[in-house]
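# Tertiary structure, described
This is what each chain is made of:
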Amino acid sequence: MALFNFHFDRPGPGVSPDAPRKKGPARFFEILGRDLMSFYLAGLLALVSALPFVFGVWFAVDTHSLVPLLLAGVLGGMIAAPQLCGLLDTILRSLRDEPGFWWATYRRAWKRNVRASLLPGAICGLLLAMQIFTVFHYDVSAGVVPGALLAVGLFLLLGLGEFLFAQVVLLDLPFAGLVKNSLFLFLGYLPRAALGVVWQFVYWSIILLLWPISGFAMVLTGLWLPAVLTMQAIYPVLNKAFDLERQIKAIRDAELDSSSDSDN
């Protein structure tokens, strides 16, 4: 929804519009050097808001209870979703080199996206909680096929979810439209979608394998690091599919012209 709601009346950090845009690792370290503190703060808010989901799912897994699992998935997902959208908005603004003060833009994005994020948060939270519960209760003696189906389901959920929440931030569409677009983008640009999922899988695998030693690293990098890597992987797809930067430039020019006319 942020695509049609921009305010450029506040100065902030940015890059020269004439500077060639870097790619790959060079681009990653460029935006990291410029917006690391914004990423960290937005990621910390998202991480804290995800704690009800994490502890609720942990309790459900530990007690083998489905009712706490359903509550943790739905309510935990709804609690975390607005902050996740705030994090993605911060990252997407950085990827398109948009100037602005972080806290001011974060608050506007949060207020704009809070309602639209609740249903995706509830559904994705429930599906993710069910996937995690199934993983911890998976019986290896059941064979390879159930495990493969579980892996495919998790891959699809993460792949569709990365496009779904990015669209909540960027577009004003009903939930059905967001899901349809996510499916088309995921299938139409599968290599980049898969790269985004791979970054998430690698990061969380390292966190789990090294736990609890990785707990400190998670406080420093939790949520924002995998989100930056994922959004960098799929941003070219989003920009191409929705013509983001051209539309944003047109909106910016119109607002600047309107501001100049009012001053005169």
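### Description of the nonpolar core
L87, I91, L92, F163, M231 and L238 are the most contacted members of the largest nonpolar core, which has 47 residues in total. Breaking this core down by element, the ones donating at least two residues are α1 (24–49), α3 (66–95), α4 (102–136), α5 (144–170), α6 (175–188), α7 (190–209), α9 (224–242) and α10 (244–263). The greatest single-element share of this core, amounting to twelve residues, is contributed by α9. Excluding residues within four positions of it along the chain, L238 makes contact with L92, F163, A166, L170, L185, D243 and L244. Counting residues in each nonpolar core, the second largest holds eight residues, with F53, V57, A60 and A129 among its members.

### Let's talk about the side chain of T221
Mapping T221 onto the fold places it in helix α8 (residues 215–221). There is a polar contact of 2.9 Å between the side chain of T221 and the side chain of Y203. Within the structure, T221 has its side chain in polar contact with the backbone oxygen of A217 (distance 2.8 Å). Look past the residues within four positions of T221 in its chain and what remains in contact with it is Y203 and P226.

### Digging into helix α2 (residues 51–63)
Taking 1.5 Å as the rise per residue, α2 with 13 residues should run 18 Å; its terminal C-alpha atoms sit 18 Å apart, in good agreement. Along α2, the residues classified as buried are F53, G56, V57, A60 and V61. Looking straight down α2, one finds its buried side chains confined to an arc of 130°; they lie on one side. Within α2, the exposed residues directed more than 90 degrees away from the buried face are F55 and W58. The inward-facing, buried residues of α2 abut α3 and α4. Once α2 ends, the next one or two residues include H64, with phi positive near 60°.

### Thoughts on the environment of L164
Among the secondary structure elements, L164 is positioned in helix α5. When the C-alpha atoms of L164 and K180 are compared, they prove to be 9.2 Å apart, with 16 residues separating the residues in sequence. Contact partners of L164, with chain neighbours within four places excluded, come to P120, C124, F175, L178, V179 and S182.

### Section: the confidence of the model for the protein chain
In this model, the protein chain carries a mean pLDDT of 87, and residues with pLDDT of at least 70 account for 87%. Scored below 50 in pLDDT, residues 1–14 shows 49 contacts in the model against residues more than four places distant or in partner chains.

### Things to note about α1
For α1, with 26 residues, the first-to-last C-alpha span of 30 Å runs short of the 38 Å given by 1.5 Å per residue. Within α1, burial applies to R27, F28, I31, L32, D35, S38, F39, A42, G43, A46, L47 and S49. Where α1 is buried, its residues meet α2, α3, α4, α8 and α9.

### Here we look at the pattern of salt bridges
Side chains bearing opposite charge may pair, as long as their charged atoms lie close to each other. Using the criterion set out here, one finds eleven salt bridges in the structure. Overlapping salt bridges, with partners in common, bring together R21, K22, R27, E30, R34, D35, D97 and E245 in one network.

### Comments concerning the packing of α1 against α9
Two numbers describe how α1 lies on α9: the axes approach to 10 Å, and their chain directions differ by 135°. Judged by the angle between their axes, α1 and α9 are oblique. Here α1 and α9 pass one another in a crossing that is right-handed. Within the contact between the two elements, α1 uses G24, R27, F28, I31, L32, L36, F39, Y40 and G43 and α9 uses W224, L225, V228, L229 and Q232. For the contact of α1 with α9, the per-class residue count stands at ten nonpolar, three polar and one charged.

### Things to note about the side chain of T105
Looking at the element boundaries, T105 is found in helix α4. Contact partners of T105, with chain neighbours within four places excluded, come to D89 and R93.

What counts and how
Residues numbered from 1 in each chain as written. Predicted model: local features only at pLDDT ≥ 70, side-chain atom pairs only at ≥ 80, totals over all residues. Heavy atoms only, no water. Core = buried A, V, L, I, M, F, W, Y, C linked by side-chain atoms within 4.5 Å. Buried < 20%, exposed > 50% of the residue type's maximum accessible area, 1.4 Å probe, protein only. Helix = DSSP H or I, 4+ residues; strand = E, 2+ residues; numbered from the N terminus. Contact = heavy atoms within 4.5 Å. Polar contact = N/O pair within 3.5 Å; in protein donor to acceptor, adjacent residues only side chain to side chain. Expected span 1.5 Å × (residues − 1). Arc of directions from axis to C-beta. pLDDT = per-residue confidence, 0-100. Salt bridge = Lys/Arg side-chain N within 4 Å of Asp/Glu carboxyl O. Axes fitted to C-alpha atoms, helices over the stretch in contact; angles between N-to-C directions. Parallel < 35°, antiparallel > 145°, perpendicular 65-115°, else oblique. Left-handed = near helix turned anticlockwise from the far one by under 90°. Nonpolar A, V, L, I, M, F, W, Y, C, P; charged D, E, K, R; others polar.

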